[in-house]
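# An overview of the molecular structure
Listed below are the residues making up each chain.
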Amino acid sequence: MSMFEDAMAHARQAIADTRIETQPFEHIYVERVFPDDFYAALLRNLPDLDGYERLSESGRVHGEYSPERYFIGTLTDRLSHLPAQQKMFWGTFFEHFHK
């Protein structure tokens, strides 16, 4: 099993084991959603700010939206500007977690 498959299985179990809170609205708070080694790899592979896209310029939100909110694009062409290691990590991450 790959690191990503292990992380997906761990995340599914962590979510399944988490109690639904009802106040002030229904939600869950999942602690340690990823195994420690996977989380460390995720942190090591976070891009510099120029590796993210502004959410306000993405067409995903409308109106007055903070220009300080960013996301990592999931499409291959959006990952193409990342260094090779980050491109590989995030491409594989999205293959497993963006279904």
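Everything discussed here concerns the structure shown above.
Okay, so let's go over this structure. (Residues numbered from 1 in each chain as written. Predicted model: local features only at pLDDT ≥ 70, side-chain atom pairs only at ≥ 80, totals over all residues. Heavy atoms only, no water.)

## Re the nonpolar core
Put simply, the test is: Take the buried Ala, Val, Leu, Ile, Met, Phe, Trp, Tyr and Cys residues and link them wherever side-chain atoms come within 4.5 Å; each set so joined is a nonpolar core. Throughout this description, buried means an accessible area under 20% of the type-specific maximum (1.4 Å probe, protein chains only), exposed means over 50%, and partly exposed covers the range between. A helix here means a DSSP run of H or I that spans at least four residues, while a strand means a run of E at least two residues long, and both kinds are numbered starting from the N terminus. Any two residues whose heavy atoms approach within 4.5 Å at even a single point are treated as in contact.
By size, the foremost hydrophobic cluster in this structure holds 14 residues, and its most contacted members are Phe 34, Phe 38, Leu 42, Phe 89, Trp 90 and Phe 93. Of all the elements in the fold, those that place two or more residues in this core are α1 (3–16), α2 (36–44) and α4 (84–97). With four residues, the single largest contributor to this core is α4. Non-local contacts of Phe 89, meaning those with residues more than four positions away in its chain, are made with Met 3, Phe 4, Phe 38, Ala 41, Leu 42 and Asn 45.

## Points about the side chain of Asn 45
By the secondary structure assignment, Asn 45 is in the loop between α2 and β1 (53–54). When neighbours within four sequence positions are excluded, Asn 45 is seen to be in contact with Gln 85, Gln 86, Phe 89 and Trp 90.

## Structural notes on the environment of Ser 66
We apply this condition: N or O atoms closer than or at 3.5 Å make up a polar contact, with two conditions inside protein: a donor-capable atom paired with an acceptor-capable one, and, for residues adjacent in sequence, both atoms drawn from side chains.
Its place among the elements puts Ser 66 in the loop between β1 and β2 (70–71). Sequence separation of Ser 66 and Ser 80 is 14 residues, and the distance between their C-alpha atoms is 25 Å. Within the structure, Ser 66 has its side chain in polar contact with the backbone nitrogen of Glu 68 (distance 3.0 Å).

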